[in-house]
Amino acid sequence: MATMKSVRTGAKNDIDVVEVERPAPGPQDVLVRIRACGICGTDTFFVRTGGTPYGITGSVVPLPLGHEPAGEVVEVGSAITDLAVGDRVVVNPQAAPSGIIGCGGELGGMNEYLLVENAVVGTSVAVFPDELPFGVAALNEPLAVARHCVNRSEAKPGDKVVVFGAGTIGLATTIWLKLRGVEHVVVADVIPERLETALAVGADAVINSAEEDVTARLTELHGEAANALGVPRAGTDIYVDAAGVAAVFNATVDAAKWGAKLVMVGVQKPSEAIDLGAMLRSELTLIASQGYPTEIFEVTAELAEHQDRFARLISHQVPFAEVTRAFELALTPGAAEKVIVTFFDDEG
């Protein structure tokens with residue numbers, strides 16, 4: 001029996017690397033040798049809880065981790081005609097019939113091999129060019145999350161936008177906004193190094209929200225407007241919450257002009273500090289952005305085209321032999337931004 005290594009949740013705040021049976025593809029499947037897989041905040045949530053899926057209470061089981069994989073096809077089912085051994089692919093984790101890959105389903109991308117069930121190009125997998133490194137290709141899934149956020153915002157070239165949170169999603173959102181031709185994009189965060197990265201990937205200005213008055217700075221950058229009551233407010237058109245904290249919501253309602261939008265892509269933590277009534281003063285439109293209904297492979301070609309820009313989002317690439325260290329980095333606040341685990345480095 002052929003085996004492979006698989007990363008799963010262990011005790012709270014820990015992972016286990018276990019030896020499991022290497023899957024064999026059926027007629028409609030392909031087997032992908034994973035070459036890189038990103039660690040997401042969802043992965044760290046599962047690790048911190050010891051294996052409790054979102055929305056399921058009282059259920060603690062070892063969960064396969066990883067939903068940001070990139071790899072190469074090594075086996076092809078007999079009914080597959082549009083994929084071949086050697087194809088370099090990214091995977092749609094939400095297309096697996098046995099459950100979302102790495103998010104409570106039976107399969108995980110933080111494995112040496114991943115079975116792609118019912119493999120269909122454009123639905124469950126997409127082929128990417130040889131010149132795109134596997135580590136950068138592993139950004140495909142979070143870039144799709146950010147692209148959906150930008151699509152939901154309906155941002156236009158003349159808009160003025162602020163993105164709160166300079167993590168992977170916030171920075172990717174910034175890049176997509178600028179590639180969309182948006183006139184002025186500001187990024188706000190409390191970590192100076194993240195703000196430096198924001199400028200490097202194309203932000204027009206940054207705000208250290210721990211040290212600066214956000215409303216005053218946005219007014220300086222985007223001009224002055226007013227809320228529904230005629231009170232002076234910043235001229236910002238769109239606010240993006242990629243941080244998921246109450247302080248961002250409150251900063252937005254304090255600054256928002258009449259008719260502004262707030263797009264929420266960060267997972268909001270429960271909080272009694274949010275004043276929903278304050279939205280009335282600006283008739284603020286709240287837009288939720290979840291996942292990537294259509295965007296998972298819309299981003300692949302542009303990821304390859306702009307790979308140098310997107311590569312700046314990666315702070316650490318760690319070999320699979322040191323996967324425990326990779327998760328320690330991802331679990332430690334401020335220790336890393338985007339951690340990519342790489343596999344089979346000795347094979348190029």
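Residues numbered from 1 in each chain as written. Predicted model: local features only at pLDDT ≥ 70, side-chain atom pairs only at ≥ 80, totals over all residues. Heavy atoms only, no water.

### Some remarks on the overall build of the chain
Here comes step 1: A count of helical and extended segments in the chain gives 10 helices and 17 strands.
Here comes step 2: The C-alpha atoms of the chain give a radius of gyration of 21 Å, which matches the 20 Å a tight globule of 348 residues would have.
Here comes step 3: Taking the principal axes of the C-alpha coordinates as reference, the chain spans close to 70 × 40 × 30 Å.
Here comes step 4: Every one of the 348 residues in the chain was classed for burial, and the buried ones make up 54%.
Here comes step 5: Surface accessibility of the chain: about 14500 Å² in total, with carbon and sulfur atoms responsible for 51%. (Helix = DSSP H or I, 4+ residues; strand = E, 2+ residues; numbered from the N terminus. Rg over C-alpha atoms; globule rule 2.2 N^0.38 Å. Buried < 20%, exposed > 50% of the residue type's maximum accessible area, 1.4 Å probe, protein only. Areas by Shrake-Rupley, 256 points an atom, 1.4 Å probe, with all protein chains shown as cover.)

### Description of the environment of Phe320
Here comes step 1: With respect to the secondary-structure elements, Phe320 resides in the loop between β16 (314–319) and α10 (323–331).
Here comes step 2: On the accessibility criterion, Phe320 (11% relative accessible area) is buried.
Here comes step 3: As for Phe320 and Ile340, which are separated by 20 residues in sequence, their C-alpha atoms are 9.5 Å apart.
Here comes step 4: Aside from chain neighbours lying at most four places away, what touches Phe320 is Lys5, Val7, Val17, Met110, Glu112, Val341, Thr342 and Phe343. (Contact = heavy atoms within 4.5 Å.)

### Description of the packing of helix α1 (residues 41–49) against α10
Any two packed helices are characterised by how steeply their axes cross, that is the angle between the axes, and by the distance between the axes.
Here comes step 1: Contact geometry of α1 with α10 gives a least axis separation of 10 Å together with a crossing angle of 95 degrees. Judged by the angle between their axes, α1 and α10 are roughly perpendicular. Along its contact with α1, which presents Asp43, Thr44, Val47 and Arg48, the element α10 presents Phe327, Ala330 and Leu331. (Axes fitted to C-alpha atoms, helices over the stretch in contact; angles between N-to-C directions. Parallel < 35°, antiparallel > 145°, perpendicular 65-115°, else oblique.)

### Focus on the pattern of salt bridges
Pairs can form between side chains of opposite charge once their charged atoms are near each other.
Here comes step 1: Applying the stated criterion to the full structure yields 16 salt bridges.
Here comes step 2: Of the charged contacts in the structure, one is a salt bridge between Arg35 and Glu72, with a shortest N-O distance of 2.8 Å. Of the two residues, Arg35 is situated in strand β3 (residues 30–38) and Glu72 in strand β4 (residues 69–76); the sequence distance between them amounts to 37 residues.
Here comes step 3: Overlapping salt bridges, with partners in common, bring together Arg33, Arg35 and Glu72 in one network. (Salt bridge = Lys/Arg side-chain N within 4 Å of Asp/Glu carboxyl O.)

### Considerations on the state of the cysteines
Here comes step 1: By the definition in use, this model includes zero disulfides.
Here comes step 2: Take Cys40: it sits in no disulfide, and the sulfur closest to it among the cysteines is that of Cys103, at 7.0 Å. (Disulfide = S-S within 2.5 Å.)

### Comments concerning the sheet that holds strand β14 (residues 261–264)
Sheet strands associate in pairs through backbone hydrogen bonding, adopting either a parallel or an antiparallel arrangement.
Here comes step 1: Read across the open sheet, the six strands follow the order β10-β9-β8-β13-β14-β15; overall the sheet is parallel. Each end of this open sheet is capped by a strand with a single partner; those strands are β10 (205–208) and β15 (285–288). Each strand axis lies, on average, 20 degrees off the axis of its neighbour in the sheet, ignoring direction.
Here comes step 2: The sheet contact formed by strand β8 (residues 160–164) and strand β9 (residues 184–189) spans five bridges and is parallel. In the strand pairing of β9, Lys160 is matched with His184. (Pairing = 2+ DSSP bridges.)

### Notes on the packing of aromatic side chains
Here comes step 1: Under the definition given, this model contains four aromatic pairs.
Here comes step 2: Centroid distance Phe128 to Phe134: 5.8 Å. Interplanar angle 85 degrees. Geometry classified as edge-to-face.
Here comes step 3: Ring plane angle 20 degrees and centroid distance 4.6 Å describe the contact between Phe320 and Phe343, whose orientation is recorded as stacked. Of the two residues, Phe320 sits in the loop between β16 and α10 while Phe343 sits in the segment after β17 (338–342), which places them 23 residues apart along the sequence. The pair Phe320 / Phe343 is uniform in exposure class, with both members buried.
Here comes step 4: The residue whose ring lies beneath Arg88 is Phe134, and the NZ or CZ to ring-centre distance is 4.0 Å. (Phe/Tyr/Trp six-rings, centres within 6.5 Å; stacked < 30°, edge-to-face > 60°. Lys NZ or Arg CZ within 6 Å of the ring centre and 35° of its normal.)

### Focus on the pairing of β10
Here comes step 1: Where burial is concerned, the two faces of β10 agree: the one with Ala205 and Ile207 and the one with Val206 and Asn208 are both buried.
Here comes step 2: Both β9 and β10 contribute to a ladder of four bridges, which runs parallel. Bridged to Asp189 within β10 is Asn208.
Here comes step 3: Taken together, β9, helix α5 (residues 192–200) and β10 constitute a β-α-β crossover, and its handedness is right-handed. (Right-handed = clockwise from strand over helix to strand, strands pointing away.)

### Considering the nonpolar core
Here comes step 1: Membership of the largest hydrophobic core comes to 50 residues, with the highest contact counts inside it found for Leu143, Val163, Leu177, Val187, Val240, Phe310 and Leu313.
Here comes step 2: At the level of secondary structure, the elements contributing two or more residues to this core comprise α2 (134–137), α3 (140–153), β8, α4 (168–179), β9, α5, β13 (238–241) and α8 (300–305).
Here comes step 3: For this core, the leading source of residues is α3, giving six residues.
Here comes step 4: Setting aside its immediate chain neighbours within four residues, Leu313 contacts Leu143, Thr168, Leu171, Ala172, Ile175, Val201, Glu337 and Lys338. (Core = buried A, V, L, I, M, F, W, Y, C linked by side-chain atoms within 4.5 Å.)

### A short note on the pairing of strand β2 (residues 15–21)
Here comes step 1: When strand β1 (residues 3–9) meets β2, the two strands line up antiparallel, connected through seven bridges. When the sheet's bridge partners are listed, Val7 is paired in β2 with Val17.
Here comes step 2: Between β1 and β2, which follow one another and run antiparallel, lie five residues, and Asn13 among them has a positive phi close to 70 degrees.

### Here we look at α4
Here comes step 1: Taking 1.5 Å per residue, 12 residues should reach 16 Å; α4 reaches 16 Å between its end C-alpha atoms and fits that length.
Here comes step 2: Turning to α4, its buried residues are Thr168, Gly170, Leu171, Ala172, Thr173, Thr174, Ile175, Trp176, Leu177 and Lys178.
Here comes step 3: Trailing α4 by a residue or two, Gly181 shows a phi angle of about 95 degrees, which is positive. (Expected span 1.5 Å × (residues − 1).)

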